[in-house]
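Per-entry structural report
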Amino acid sequence: METSIKTIFEQQQRLKRDPIEILSSALRLNGSLSGDDVLYALEHATGRPLPEELQARIRSLVDPTAARRGRPPATAEKRAITDFVMEELDRAYASLLAHFQRDKTYTGDQPASERAYRRLAEGYVQGLGLLFEWRSLQNTHSAWRNERLNAPDDPVDSDDFDAEIARQFPRT
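Structural notes, computed from the coordinates. (Residues numbered from 1 in each chain as written. Predicted model: local features only at pLDDT ≥ 70, side-chain atom pairs only at ≥ 80, totals over all residues. Heavy atoms only, no water.)

**Some words on the packing of aromatic side chains**
According to the stated counting rule, one finds 1 aromatic pair in the structure shown. Ring centres 4.3 Å apart and planes at 20 degrees place the aromatic pair Tyr93 and Tyr117 in the stacked group. You can see Tyr93 sitting in helix α5 (residues 76–102) and its partner Tyr117 sitting in helix α6 (residues 112–128), a full 24 residues away along the chain. Note on Tyr93: relative accessible area 10%, which makes it buried. (Phe/Tyr/Trp six-rings, centres within 6.5 Å; stacked < 30°, edge-to-face > 60°. Helix = DSSP H or I, 4+ residues; strand = E, 2+ residues; numbered from the N terminus. Buried < 20%, exposed > 50% of the residue type's maximum accessible area, 1.4 Å probe, protein only.)

**Describing the environment of Asp83**
For Asp83, the position within the fold is in helix α5. The sequence separation of Asp83 and Trp144 amounts to 61 residues, and the corresponding C-alpha distance is 8.0 Å.

**Overview of the nonpolar core**
Proteins that are soluble and globular tend to have nonpolar side chains buried together. Membership of the largest hydrophobic core comes to 14 residues, with the highest contact counts inside it found for Tyr93, Leu120 and Leu137. Among the secondary structure elements, those contributing two or more residues to this core are α5, α6 and α7 (134–145). Looking at which element gives the most residues to this core, the answer is α5, with 6 residues. Apart from the residues within four sequence positions on either side, Leu120 is in contact with Leu89, Ala92, Tyr93, Leu96 and Leu137. (Core = buried A, V, L, I, M, F, W, Y, C linked by side-chain atoms within 4.5 Å. Contact = heavy atoms within 4.5 Å.)

**Quick look at the side chain of Arg115**
Turning to its location among the elements, Arg115 is positioned in helix α6. Within the buried set, Arg115 has no salt-bridge partner at all; the shortest N-O distance to an opposite charge, 4.1 Å, is to Asp103. Among all residues touching Arg115, those that are not within four sequence positions of it are Phe100, Asp103, Tyr106 and Gln110. (Lys, Arg positive; Asp, Glu negative; His and termini not counted. Salt bridge = Lys/Arg side-chain N within 4 Å of Asp/Glu carboxyl O.)

Following this line, the structure appears as structure tokens:
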């Protein structure tokens, strides 16, 4: 295999970086390590590319999503189901609330809103796939009405159409 002068010159001009430094800076910048970061550091340390099978195995071993905390974001399907159930719940709540507000025979101390949510919680908990009491249903319904339930984590209002497309659909 013949090596050109240009190739030799390019190899001599590359800075030699410590693999631990590469991983440390990637971790500091991204907050986690991806399989590509580890693979890059290993290939840098050995000075040659690793076999395809080993590359695939390293990429699968290091999962940046495993370090994430909290509940995973809802899928589009889950958001759609929740919207349909909440629309139905909203209509049922308005009807029940009006009924309980008109009911003059009730002598208890629960407000009409609480009684409506208590009644709805019995049926809609299964529809939403959640286990919670009436107060949680009230909070979830309120968040949905105020458009906070399925709101994106990083809302951006952009007048630049091309910039918005580029932000939502990054090139890979």
